[in-house]
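Next come the chains, spelled out residue by residue.
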Amino acid sequence: MADNERGALFRKSVANQHSRVTYAELLFDLVFVFAVTQISHTLLGRFTPLGAIQTTLLFLSVWWVWVYTSWITNWLNPELTPVRVLLFLLMLGGLVLSTSIPKAFESRGLWFAIAYAAMQVGRTVFLLVSTPPDRTLARMNAVRILVWLLMSAMFWIAGGFAEGHWRLALWALALAIEYVSPAVRFWIPKYGASSVADWVVEGGHMAERCAGFIIIALGESIVVTGATFADLAWTTETVVAFVSAFICSLAMWWIYFHKGAEAGSEQISRSSEPGRLARLAYTYLHMPIVAGIILSAVADELVLTHPADHSDLKTVLSAIGGPFLFLIGTILFKHTIRGWLQLSHGVGIVVLAILAWFASDLSPLMLSLLTTAIMIMVAAWESISLSSGEPQSQSEATSA
């Protein structure tokens, strides 16, 4: 591939204009609707301490392979045929990855490991080959990332051949390598670490991509709720549980999208170090937001199937833990982009913690109604406070 052809695969940067999310990227995201569904069903089927650890590892893997692809398509142009073909191949790998999730710690561990490692390494090799030699900093970034991913791939494959706790340990080590690598700026011997200033990203595109994943998770939650409700007898309890689950999903959407998503897009677009902000606010801090939505979907299914029963530990952890994780993620995300902590989110977190003390004495339906009421309170409070003139961004907070 000629140097000018390689450079042509990169997105063209236009001042004061952010690159739109392409249809190829949206098609790629459909695979992860399936992946999120697989994760929530896997957690529901093995809600034990070990099962929760295993499912958390699988979730972190799915998120990481998706967010790395979002970084690559922030640099490369998916409207061009070679990049589209890359996305389609990654979709195939994503399907293998997703279908392997329920039995990843059983008979399909090697399939999961091969699909994951192939996606991570193959995509980075494509980036390296697509970067012309005159883009020295970009090529060195690709080399550094590839070195770290090759190191983690060895542990993914080794874990695929291993069994039991050895598989969990090897995969945890592989995942730790990948999650630490951006924090240390992909340092490698001889060449050192990259500079965050070298991580040139188109901020608006990155914000829109991550907001899209929030929609994926919320959509999966609504699908699970609807599918479960459709198979049940429509009693007063199940109807109320269904409405409560739906309203809670709407409240989560409101809390994230009413101002936060837009503020994040504006802040990262204006930032002098968009790479640093994208690494923290979108690569790391969106994980608890998505995890909270997935855990809430598990709670919705549990409440729908047993609305009037005793709230066991599984129901309490998912019903309280889902909104709790979501609010932890959103308050940290909004703090990063605005520079101040959202009081409504903090109060919601405290009230959820207090509710946890009494949750076991409540029925699943009552627990669902109370957590939904808390999320509505947070959404309404934030809307009122922002409308009354609270600072919208870090720069405004400083000037205030």
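Above this text you will find the structure in question.
Note that this is a predicted model, so its numbers are computed, not measured. (Residues numbered from 1 in each chain as written. Predicted model: local features only at pLDDT ≥ 70, side-chain atom pairs only at ≥ 80, totals over all residues. Heavy atoms only, no water.)

### Observations regarding unusual backbone geometry
Of note, arginine 185 is a non-glycine position whose phi angle comes to about 55°, a positive value. Its place among the elements puts arginine 185 in the loop between helix H7 (164–183) and helix H8 (203–230). Classification of arginine 185 as partly exposed rests on a relative accessible area of 33%. Even without glycine at this site, phenylalanine 186 takes up a positive phi of about 55°. Looking at the element boundaries, phenylalanine 186 is found in the loop between H7 and H8. (Helix = DSSP H or I, 4+ residues; strand = E, 2+ residues; numbered from the N terminus. Buried < 20%, exposed > 50% of the residue type's maximum accessible area, 1.4 Å probe, protein only.)

### Side note on the pattern of salt bridges
With the rule as written, the count across this model stands at 6 salt bridges. Residues arginine 209 and aspartate 29 are paired through a salt bridge, measuring 2.6 Å at the closest nitrogen-oxygen approach. Here aspartate 29 lies in helix H2 (residues 23–45) and arginine 209 lies in helix H8, a separation of 180 residues in the sequence. Aspartate 29 carries the same exposure label as arginine 209, and that label is buried. Glutamate 106 is the salt-bridge partner of arginine 46, the closest N and O atoms lying 3.0 Å from each other. Of the two residues, arginine 46 sits in the loop between H2 and helix H3 (49–75) while glutamate 106 sits in the loop between helix H4 (81–100) and helix H5 (109–130), which places them 60 residues apart along the sequence. For glutamate 106, a relative accessible area of 46% translates into the label partly exposed. Residues participating in the shared-partner salt-bridge network are Arg20, Glu79 and Arg84. (Salt bridge = Lys/Arg side-chain N within 4 Å of Asp/Glu carboxyl O.)

### Quick look at helix H11 (residues 274–284)
Residues spaced three or four apart along an α-helix face the same direction, because each turn holds 3.6 residues. The buried fraction of H11 amounts to 9 of the 11 residues, a majority that puts the element mostly inside the structure. For H11, every residue scored as buried is listed here: Pro274, Gly275, Leu277, Ala278, Arg279, Ala281, Tyr282, Thr283 and Tyr284.

### Here we look at the packing of aromatic side chains
This structure, assessed with the given rule, holds 21 aromatic pairs. Between tryptophan 64 and tyrosine 284, the aromatic rings sit 5.7 Å apart at their centres with planes inclined by 40°, giving tilted as the arrangement. Of this pair, tryptophan 64 sits in helix H3 while tyrosine 284 sits in helix H11, placing them 220 residues apart in sequence. Just as tryptophan 64 is buried, tyrosine 284 falls in that class too. (Phe/Tyr/Trp six-rings, centres within 6.5 Å; stacked < 30°, edge-to-face > 60°.)

### Some thoughts on the nonpolar core
Residues Phe32, Trp63, Trp156 and Phe326 are the most contacted members of the largest nonpolar core, which totals 105 residues. The element contributing the most residues to this core is H3, with 13 residues. Not counting chain neighbours up to four residues away, the residues in contact with phenylalanine 326 comprise Met252, Ile255, Tyr256, Pro288, Ile289, Gly292, Ile293 and Met375. If you look at the next biggest cluster of nonpolar residues, it comprises 6 residues, including Phe47, Leu295, Val298 and Leu302. (Core = buried A, V, L, I, M, F, W, Y, C linked by side-chain atoms within 4.5 Å. Contact = heavy atoms within 4.5 Å.)

### Side note on the environment of alanine 174
Mapped onto the secondary structure, alanine 174 falls in helix H7. In the structure, alanine 174 is positioned 17 residues away from isoleucine 157 in sequence and 9.5 Å away in space, judged by C-alpha atoms. Leave out the neighbours within four places in its chain, and alanine 174 touches Ser152, Phe155 and Trp156.

### Concerning the side chain of aspartate 300
Mapping aspartate 300 onto the fold places it in helix H12 (residues 286–305). The side chain of aspartate 300 sits in the buried core without any salt bridge; lysine 314 is the nearest counter-charge, 14 Å away. Apart from residues no more than four positions distant in its own chain, aspartate 300 is found in contact with Ser221, Thr225 and Ala245. (Lys, Arg positive; Asp, Glu negative; His and termini not counted.)

### Description of the packing of H8 against H12
Relative orientation of the contacting elements H8 and H12 amounts to 5°, with a least axis distance of 9 Å. Taken as axis vectors, H8 and H12 run roughly parallel relative to one another. Contacts between H8 and H12 pair Cys210, Phe213, Ile214, Ala217, Leu218, Glu220, Ser221, Val224, Thr225, Thr228 and Phe229 from the former with His286, Ile289, Val290, Ile293, Ala297, Asp300, Glu301, Leu304 and Thr305 from the latter. Here the contact of H8 with H12 is composed, by residue class, of 12 nonpolar, 5 polar and 3 charged. (Axes fitted to C-alpha atoms, helices over the stretch in contact; angles between N-to-C directions. Parallel < 35°, antiparallel > 145°, perpendicular 65-115°, else oblique. Nonpolar A, V, L, I, M, F, W, Y, C, P; charged D, E, K, R; others polar.)

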